[in-house]
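Summary of the model geometry
Listed below are the residues making up each chain.
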Amino acid sequence: MAYEPKVAAALSGVTTGRLAYWRTTRVLTPEVSSNKPILYSFRDLVALRTFAYLREKRSLQSIRRALRTLAEMGEFGHLSSYRLEQQGKRSIVLVKDDSGVDLVERPGQTLTVVKLGDVLRSFPLGDIEVPELAHPRRNLSVDPAVRGGHPVVAGTRVPYELVAGLVRDGVPPDEIAQFYPTVDAAAARDAVDFAEYVDRAGRRAA
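First, a word on what this report is: a plain description of the structure on this page. Numbers given for residues are sequential positions, taken from 1 along each chain in its written order. Per-residue local features are limited, in this predicted model, to residues with pLDDT of at least 70; the limit for side-chain atom pairs, both in listing and counting, is 80 or more; totals at the level of whole chains, interfaces and linings are taken over all residues. Excluded from the side-chain calculation are hydrogens and water; included are all heavy atoms of the structure.

Residue placement: Ser41 occurs in the loop between α2 (16–24) and α3 (42–55). Pairing of N or O atoms within 3.5 Å defines a polar contact, subject to two protein rules: one partner must be a possible hydrogen donor and the other a possible acceptor, and residues neighboring in sequence count only if both atoms are side-chain atoms. Within polar-contact distance, the side chain of Ser41 engages the side chain of Glu31 at 2.6 Å. Among the polar contacts made by the side chain of Ser41, one reaches the main-chain amide nitrogen of Arg43 at a distance of 3.4 Å. Throughout, a residue-residue contact means that at least one pair of heavy atoms, one from each residue, lies within 4.5 Å. Setting aside chain neighbours within four positions, we find Ser41 in contact with Tyr3, Glu31, Val32 and His78. The way it works is that DSSP assigns letters per residue, a run of H or I at least four long becomes a helix, a run of E at least two long becomes a strand, and they are numbered from the N terminus.

Right under this line is the structure:
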């Protein structure tokens, strides 16, 4: 399972316009498919959430410089394998164990005090709240071991959009169990709410 740009945008906080720009400038090339259909991997999502988390308080120029420093250090792994964190007023650091390596202001300098954040939890970004990745809604889950990480109703393999589609077609949330016995009304409402969020995220300006 992979993520189309609209869902990747919703789960990462990065706009679809920004995703397109980053594809063309090779800031992040989709791991699954960079040609139509464009598809992002779960690892791509983690990397994108890191960018979004940093972008709230750091310029794109600083992020680009951090990525260049990573390459100069010989770090060529997938960006999701690195823990990048804000440090001080302008810098970005690569977190390793209990210390960090400055990637922007004094590239290569080891720092002993690093404030750790968690890009997998929910965080504010502009006019939206980027949802927690593992549970984008209380009754929805994202687990790489279940449908490759596609958002599903928690405890099931039922994709959120199938449930949301039924409700949008007129099926009351408390009757969804007639179609999917493991999906209750609360989960159905969460599926619709998340589907609406995905649609809004797909329309956000870059």
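Moving on from the coordinates now.
Moving on, we come to helix α1 (residues 5–12). Under the scheme applied here, a residue whose accessible area is under 20% of the maximum for its type counts as buried, over 50% as exposed, and between as partly exposed, the area being computed with a 1.4 Å probe on protein chains only. Of all 8 residues that make up α1, 6 are buried, and the element is covered over most of its length. Along α1, the residues that are buried comprise Val7, Ala8, Ala9, Ala10, Leu11 and Ser12. The inward-facing, buried residues of α1 contact α2, α3, β5 (123–125), β6 (128–130), α5 (160–168) and α6 (185–203). Once α1 ends, the next one or two residues include Gly13, with phi positive near 90 degrees.

Turning our eyes to something else, we now look at the packing of aromatic side chains. Two aromatic rings from Phe, Tyr or Trp, using only the six-membered ring of Trp, form a pair when their centres are within 6.5 Å; if the ring planes differ by under 30 degrees the pair is stacked, by over 60 it is edge-to-face, and anything between is tilted. Scanning the entire structure with this criterion turns up 4 aromatic pairs. Geometrically, the ring pair formed by Trp22 and Phe51 is edge-to-face, given 5.1 Å between the ring centres and 75 degrees between the ring planes. Placement of Trp22 in helix α2 and of Phe51 in helix α3 is noted, with a sequence separation of 29 residues between them. Exposure class is identical for Trp22 and Phe51. Each is buried. Within the aromatic cluster, the residues linked to one another by ring pairs are Tyr160, Phe194 and Tyr197. Both a distance and an angle decide whether a charge sits over a ring: NZ of Lys or CZ of Arg must be within 6 Å of the ring centre and within 35 degrees of the ring normal. The side chain of Arg137 reaches across the aromatic face of Tyr197, ending 5.2 Å from its centre.

Relative to the elements of secondary structure, Val167 occurs in helix α5. Residues in contact with Val167, not counting those within four places in the same chain, are Pro173, Ile176, Ala188 and Val192.

Every helix has an expected span of 1.5 Å times one less than the residues it contains. The end-to-end C-alpha separation of α6 is 28 Å, in line with the 27 Å expected for 19 residues at 1.5 Å each. Along α6, the positions that sit buried rather than exposed are Ala185, Ala187, Ala188, Asp190, Ala191, Val192, Phe194, Ala195, Tyr197, Val198 and Ala201. Tucked into the core, α6 has its buried residues touching α1, β6, β7 (140–141), β8 (152–153) and α5.

A few words now on unusual backbone geometry. Put simply, Lys36 and Pro37 share a cis peptide bond, and its omega is -5 degrees. Take Pro37: it is sitting in the loop between α2 and α3. Of note in the backbone geometry, Arg26 takes a positive phi value of approximately 60 degrees without being a glycine. Tracing the sequence through the fold places Arg26 in the loop between α2 and α3. Phi at Arg147 is positive, roughly 50 degrees, even though this residue is not glycine. Tracing the chain through its elements places Arg147 in the loop between β7 and β8.

On their own, these measurements won't tell you what the molecule is for.
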